[in-house]
Each structure stands twice: as structure tokens, then as C-alpha cells.
Amino acid sequence: MSTAEQSGTAAEGGNVKEEKRTPAERDALARQILDKPGIAQIKPEFILLDHRIKISEEFLSNKSKEKLEASKDGNEGETENGASRDREEGPPPSKRMRLKGRNKKRPVNTKLHNSKKMCPAVLHAQECRFGESCKFSHDIKKFMAEKPTDLGPVCINFEKFGKCQYGISCRYGKSHISEEFENIINEDLYKEMQSRKVVKNALYKELQHKLWKKKYDFEKANRNTAQIQTEVRTRVDSEKFHKEGQRLTNSGNDGETVKTETCDSSSVDTSSKTDNCSSVLTSSDTEMSDVGSTKQSDASVCLSDAEGIRLRPQEKKLIDFSNKLYLAPLTTVGNLPFRRICKGMGVDITCCEMALATNILQGQMSEWALLKRHETEDLFGVQICGAFPDTLTRCCQLINDELSVDFVDLNCGCPIDLVFKKGEGCALMGKSNKFEQVVRSMKSVLDVPLTVKLRTGIFDNKNIAHYLVPKLRRWGASLVTIHGRSREQRYTRMADWDYIDECAKLGAPMPVFGNGDLLSYEDLDACLKTSASGGMVARGALIKPWIFTEMKERRHWDISANERFDMLKNYVNFGLEHWGSDHQGVENTRRFLLEWLSFLYRYIPVGLLDQVPQKINERPPFYVGRSDLETLLSSSNCGDWIKISEMLLGPVPEEFNFLPKHKANAYK
Ligand SMILES: Cc1cc2nc3c(=O)[nH]c(=O)nc-3n(C[C@H](O)[C@H](O)[C@H](O)COP(=O)(O)O)c2cc1C
């Protein structure tokens, strides 16, 4: 039985018999639960057998109070939004249900009807060019009369930038909307902030049009890709020819076939078990020719540019990645406001969420939004994902020429079917020749370092990263990060740090970062005892962003619930800055906050633990915090996350629904 199943069974027992137990029996059961392996060691006095979170009424919105009343009448099973249940209620879901994926059929976010939105032109005191046919409201008085009451007295955008661009539609408009419904501007502050460029990498209209009309000049990328593709293909053909000749000679001699290393010249053989790294070290005959060809092509590609001044390899920007703390790219949750929180907690390297190269090349606004960089992000990279050398190289040229980034990361770890089946993400690991073309071509158009994020391999027990790491060094990667699990494993097992160690040795002197299960400074210490040059933190940062402070100061921080709540307030303010302070901005901020809360609740306060540190895959029994707020923050109940969002962003709109997007927030 798995750890999670064990804990589930124990807790279920607790729920069913709760009414009939004496205090002594309850205590005994609590200890029994605690003694189970894989369960976080919470001090017995905090263990709660009745799992319903008790929250002071002051924290509850009117809607929540109504729901609470309803639940007292017996409708306890469903949470506030009717979407999720307490994790120990009812029979455990079948394997099929668990594997089904929660993000299918997720409820769609409710959107305000266009007639209830102000026309953007009117908002900015301009004339609307659509006139009568405009689908938005032009009636300012009606709009203001119907507008719900403000969510707070202070608008973060007005306070920080001297002007709130959401004008009268701002949900915190009291501070900057005059009695005549005009948007007040603090001119001095506004001018100062305009010149500062707090957020970089926005897509401007002219560039978007060029991309839409396919008028951007990708000559450099196209030329380099074609040249490198020809080189790789010629080498592969000559190797094939050579091998075939050898095979014929040998079969002519004594009938034996010769087994040769397939890794350099063809697709990585993912069907054979390749756990022994020594084979890579000894099969270096092709390595030498590889090194030669890479060097030669790099030189020719980088120095043959006639159109302008190009950087020679030794002039390109170098980054010393070693011993830096790296916040992993995190789709949906690793947004700019969250990265600002982590910067405040001491992280060194930040990276944007994975962006698809094809969408960037098409000038899609939503994809470009992922590439935005805040001024506090002093070592910042963008992560791109794609399948083909030409698209990825063009995307790199665009990033290199138009954006402010310190490095570009190639995603070769994404396991999801949608990406994998297109030959992107993790699939590149299984195509050695294509992988070489991709990395060398991308590298050839970049003036900043190229980094690569890998998994141990595609299939369980068939590790292939050790083949690829030395090659990536030769192809020009400046850093490789290895997530110590295969695509097939997802999060079902602990990351394999011994294997990461072996790969890091093979990659030297190129730095190799380890990634997987880091949740405390002790975990980082263990990581740095391997040959890895540093650690990348993913879920650990979502569960406790102050992990970076703990790692830097080498201590456990018994952070109070109030401090954690203040952190959420900061996040919400960053969110209103980033997504906007009008209705849509508030609801976007709420949605991303809820996604984050679906990880954050897993933090167990240090002061409650019998055994420090908390481990990432340990599931705690139900417990009470040292205050109502601490208890609320530890709730795994989706309805409680919504309550927290209401404490920060006011009541949810009617028919509000939420289901977390990522399955990785579950213990299994
Ligand atoms: C919510 C979530 C989103 C992720 N998004 C990305 C991503 O966009 N790009 C990527 O390379 N890895 C992504 N990952 C994988 C993580 O970067 C990391 O490799 C993995 O979670 C293992 O690290 P951990 O054990 O510290 O969580 C994501 C992981 C999670 C949990």
C-alpha cells in the first residue's frame, strides 16, 4: 500500500468512528496515525480528528456564512463552489478517475458581459471610432450607478504609478475618480514612472503587425539553421555509410555483426536500458569528431555575418550560475507577481513560464505576456518550447533582438501529451540528431547563454540524460538542469539525485543543476553534496516561497500566519498591478491566487512539527493551527481557498467556479 493510501485509510477510520471515541481513544488513534511512515510528524496536541476547519465568523463572507448554515443542515459533502470535497471524504477515487486529469472540463471563468464594460476609448477620454456599433457601454453615469461598491479605499496602480489606467472601471477607484467621474492623475509621479520601465518585454503594436504579416527579417536564423542542418545530416549519412561498410566487411569476414554506439548519430535508443554511465565515457570516438564539427560550425556561423557587427563567442555574455538559487519555470503559477514574491524572499534566478515558440512567432499577445520581466528580476530567463530547429531558432533571434533577457532556456522536460505528441518538450530527448540541430542553431543566434532543462529520460528505468549532458556541453549549452524523474514517472517517485550526480560529473565543467523535491535548506545541502552546481526549486517555492530565505540563512523559519497572510496581500497587490484593478483584473488575480493556494496549503508550520524539516511527499494528518488563520491557511478544501480570496479581493462573482489546474498539487 502506498504512503498516501495508508494515511487516507487511517484518517478515514478517524472520521467514521469519531462520535463514539473517548478522549483517550482519540489520543491513541492520533499517535497511531503519527507513527505511520510517510506522515509528517506533527506534535500530537495539534492533531485534529474532526477535520472540519473551524474559522472565526469574522473571516467569513456573507455567502460563506450562508453556505456554512446550509452545511449545518446536513449538506456537508460539497464545498462552497460545489466543485471539490474534503480530501478524506468518501471512498478514494478510482485509479481511472485519478489519472483522468482535473483540468479537463474545468469550469470556465465567468466573464462580465460586454455591455457592462466601459468602452476603452471612453475610459481614456477619447472618441470611440465604432460609434453606435460599439459593443461596450458609453454611458458613464449608468455605468457608475450600476458599478458595485469599491473593494478598498486605495488603488495600488494610482498610488504607485500616479495614474490608474483602468480609470472609472477601477474597483478601487475612490482615490482617483472625481465627483464628475474624471480620472485624477498625479502628473509628477506619472512622468517619473513612465521613464522607469518597471516591466519590460511587452509586445508593441508595430512588432506584432510585422509578425502577423510575416514581415520580420529572419534571414540570420534561417541561414544558420540551414547550415547546421546540412552539417548534421552530412555527418549522419557518412557515419551510416561507414557503419554499413564495417558491417559488410565483418559479416564477410566472420559473420559477426558489430554493435555500435547509436547515440551520436541517430535517435537515442530509448528501448534499451542504459543505466550504466561508463558506456558514455568510453564511447568517445565519435565525440572527437563531434567537438570538431561543433567548433568549426560555431565559428563559421558566428563570424560570417555580413550585415552588422556580431559578437564573437568570447564576447558573448557569460553568467556564473554556480551556487545560485533558481526558481523553476512554473506554468500558470510561476507568473510575474509570484516571481516578485520569490525575489523578495531571496531567489537569484527567475524564469518565465513555458512559452510556445510558434505562438511567439505569431505575435500572440497572451504568449508574449508570459515573457514579461519585472525590474526586480536581475537574473531572468525565458523558457521556450518547440519541436523544430527552424521555429526555435527564429524564436531565439526574435528574443535576442527584441527582448531583455539574461538567458534562454529550452524546455526538454515537459511531459504532457499535448506537447510530447508534437515532438516538443521531453520528446526532443529521444531525437538526438534533431536535438543537436535545435541546440546548435539556437545557440548560433543568441548573444546570451542557452540553457536546457531535461528529465532523466522518457521511460521509467531507461535513463538517457547521461548520454545527452556531455553532448549538450559540446553543442554549446551553458547550463543543463535535470529534473530527477522520467516523463513516465511524473511525480510518483522521489527524484533520483544519485543519477543527477552522475550526469553532473559527465557534464563538467558545464554547470548542471539538480531539480526535484527540494523543500528545506537541508535538502539543498544534500543537493550541493552531489556534483550538481546548484538547485532548482519548483513545488517547494509554491508551498513556501520563503524557502529561499531559509536556504540563504540556513535556518527553519517558523513564519506566523499573519506574515503569510501579509505575503498574500503583497501578491494580490502585485496581481492588481500586473493583471489590472478593474473587474477582469481582480478576477484574474483571484484565479491565479487560487491556483497558488492549491499548493500553499501544503506548508506545515515549523512550530507544529515534531520532526523538522517537512518533506515534500509527506502527507500530514488533519491538524489545527495555532490560530484560526493558521488553520484556515492549512485547509485542503477548495471552498476555504475561495474564502481566503474573498478576504483579500472581496466576494466572488455570482456562479463563480474554481478547480485547480495542476495535478502536481495533490500528494499522489
Ligand atoms: C505547477 C507546475 C508547473 C510547471 N511548469 C513548468 C514549466 O512551465 N516548464 C518546466 O520546464 N517545468 C515546469 N514544471 C516542472 C518543474 O519546473 C520541476 O521540474 C518539477 O516540478 C520538479 O521539481 P520539484 O520537485 O521541486 O517540484 C512545472 C511544475 C509544476 C508543479
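A quick note: this is a predicted structure, and the numbers were derived from the prediction, not measured. Throughout, residues of each chain are indexed from 1 in the direction in which the sequence is written. Totals for whole chains, interfaces and linings use all residues, but because this is a predicted model, local features are given only for residues with pLDDT of at least 70 and pairs of side-chain atoms are given and counted only at 80 or more. Calculation of side-chain values draws on the structure's entire complement of heavy atoms; hydrogens and water are dropped beforehand.

## Describing the pairing of strand β6 (residues 380-385)
We call a residue buried when its accessible area falls under 20% of the maximum for its residue type, exposed when it is over 50%, and partly exposed in between, using a 1.4 Å probe and counting protein chains only. Numbering of helices and strands runs from the N terminus; a helix is a DSSP stretch of H or I covering at least four residues, while a strand is a stretch of E covering at least two. Of all 6 residues in β6, 6 are buried, a share of seventy percent or more. Alternating positions in β6 separate into two faces, F380, V382 and I384 on one and G381, Q383 and C385 on the other, with burial throughout. In this structure, strand β3 (residues 350-351) lies alongside β6, joined through 2 bridges in parallel fashion. What sits directly across from T350, in β6, is F380. Each pair of strands is called paired provided DSSP finds at least two bridges between the two strands.

## Some words on the pairing of strand β9 (residues 479-483)
In terms of residue burial, β9 counts as a mostly covered element, since 5 of its 5 residues are buried. The alternating pattern of β9 places L479, T481 and H483 and V480 and I482 on opposite faces, both of which are buried. Where strand β8 (residues 450-455) and β9 come together, 5 bridges link them in parallel fashion. Across the sheet, the residue bridging to K453 is T481, located in β9. The handedness of a crossover follows from its direction of travel: if, with the strands pointing away from the viewer, the path from the first strand over the helix to the second runs clockwise, the crossover is right-handed. Considered for its hand, the β-α-β crossover made up of β8, helix α19 (residues 465-475) and β9 is right-handed. Here 4 bridges tie β9 to strand β10 (residues 512-515), and the two strands are oriented parallel to one another. Within the sheet, the bridge partner assigned to H483 lies in β10 and is N515. This β-α-β element, β9 to helix α20 (residues 497-507) to β10, shows right-handed connectivity.

## Some points on the environment of L600
With respect to the helices and strands, L600 occurs in helix α25 (residues 583-600). Along the backbone, L600 and K544 are 56 residues apart, and their C-alpha atoms lie at a distance of 6.5 Å. Not counting residues within four places of it along the chain, the set of residues in contact with L600 comprises L542, I543, P545, R564, M567 and L568. Every residue pair with non-hydrogen atoms within 4.5 Å of one another is taken to be in contact.

## A word on the site of the ligand
For this purpose, a residue is taken to be near a molecule or strand whenever a single non-hydrogen atom of the residue falls within 4 Å of it. The ligand sits among 20 residues. The nearest are T331, Y491, N515, D517 and R539. Nitrogen and oxygen atoms within 3.5 Å of one another constitute a polar contact, given that in protein one can donate a hydrogen and the other can accept it, and given that sequence-neighbouring residues count only through two side-chain atoms. Note that an oxygen atom of the ligand is positioned 3.2 Å from one of the backbone N or O atoms of A538. Considered on its own, the ligand offers 600 Å² of accessible surface; in the complex 94% of this is hidden by protein. Accessible surface area values rest on a Shrake-Rupley calculation with a 1.4 Å probe, where residue burial reflects the displayed protein chains alone.

## As for the environment of S322
Examined against the element boundaries, S322 turns out to sit in the loop between α12 (285-303) and β2 (325-327). Taking the relative accessible area as the measure of exposure, S322 reaches 31% and is therefore partly exposed. Residues S322 and G534, spaced 212 residues apart in sequence, show a C-alpha to C-alpha distance of 5.9 Å.

## As for the pattern of salt bridges
Definition used for salt bridges: Asp or Glu carboxyl oxygen within 4 Å of a side-chain nitrogen of Lys or Arg. Evaluated as defined, the whole model comprises 29 salt bridges. A salt bridge links K147 to D150, with the nearest nitrogen and oxygen atoms 3.9 Å apart. Among the charged side chains, a salt-bridge network with shared partners connects E231, R235, E239, E436 and R440.

## Some thoughts on unusual backbone geometry
Going from A508 to P509, the amide bond is cis rather than trans, its omega being 5 degrees. The linkage connecting V612 with the following residue, P613, adopts the cis geometry, with an omega of 0 degrees. Within the secondary structure layout, P613 lies in the loop between α25 and α26 (628-633). Phi is positive for F181, which is not a glycine, with a value near 60 degrees. You can call F181 partly exposed: its relative accessible area is 30%. Not every positive phi belongs to a glycine, and K197 is a case in point at roughly 55 degrees. Relative to the helices and strands, K197 resides in the loop between α8 (187-196) and β1 (199-200). Judged by its relative accessible area of 54%, K197 is exposed.

## What about the UniProt feature "domain: C3H1-type" (unreviewed entry) in the protein chain?
UniProt positions are given in the numbering used here, feature names are shortened, and annotations may be inferred rather than shown by experiment. Listed under "domain: C3H1-type" (unreviewed entry) in the UniProt record, and renumbered for this structure, are residues 114-141 and 154-179. Along residues 114-141 one finds 21% helix and 0% strand; the C-alpha atoms at either end are 17 Å apart. Annotation note: span residues 154-179, helix share 23%, strand share 0%, distance between end C-alpha atoms 16 Å.

## Some words on the packing of aromatic side chains
Only Phe, Tyr and Trp rings are paired, with Trp represented by its six-membered ring, and only when their centres lie within 6.5 Å; those with planes under 30 degrees apart are stacked, over 60 edge-to-face, the remainder tilted. Within the structure shown, the criterion is met by 10 aromatic pairs. What links up through ring pairs into an aromatic cluster is the set F321, Y326, F407 and F513. Across from the ring centre of F574, 3.7 Å away, lies the NZ or CZ of R340, which sits over that ring. Sitting above the plane of the F656 ring, R590 keeps its charged end 5.9 Å from the centroid. Counted as over-ring charges are cases with an Arg CZ or a Lys NZ within 6 Å of the ring centre that also lie within 35 degrees of the ring normal.

## Quick look at the domain arrangement of the protein chain
One can read the domain layout of the protein chain as domain 1 (116-202) and domain 2 (318-578). Every contact between the two is made by 11 residues of domain 1 and, on the other side, 15 residues of domain 2. What counts as buried area is the accessible surface, traced by a 1.4 Å probe, that two parts surrender upon association, with contributions from both included. Counting the surface lost from both domain 1 and domain 2, the interface buries some 1200 Å², and carbon and sulfur atoms represent 51% of this. Our count for the contact surface shared by domain 1 and domain 2 stands at 2 salt bridges. Remark: the boundary between domain 1 and domain 2 carries 7 residue pairs in polar contact (both at pLDDT 80 or more). Residue ranges assigned to the domains are those given by an automatic or database domain assignment.

## Some remarks on the environment of V199
Summarising the element assignment, V199 is placed in strand β1. Separated by 153 residues in the primary sequence, V199 and F46 have C-alpha atoms spaced 44 Å apart. Excluding anything up to four places from it in sequence, V199 contacts L336, K372, R373 and H374.

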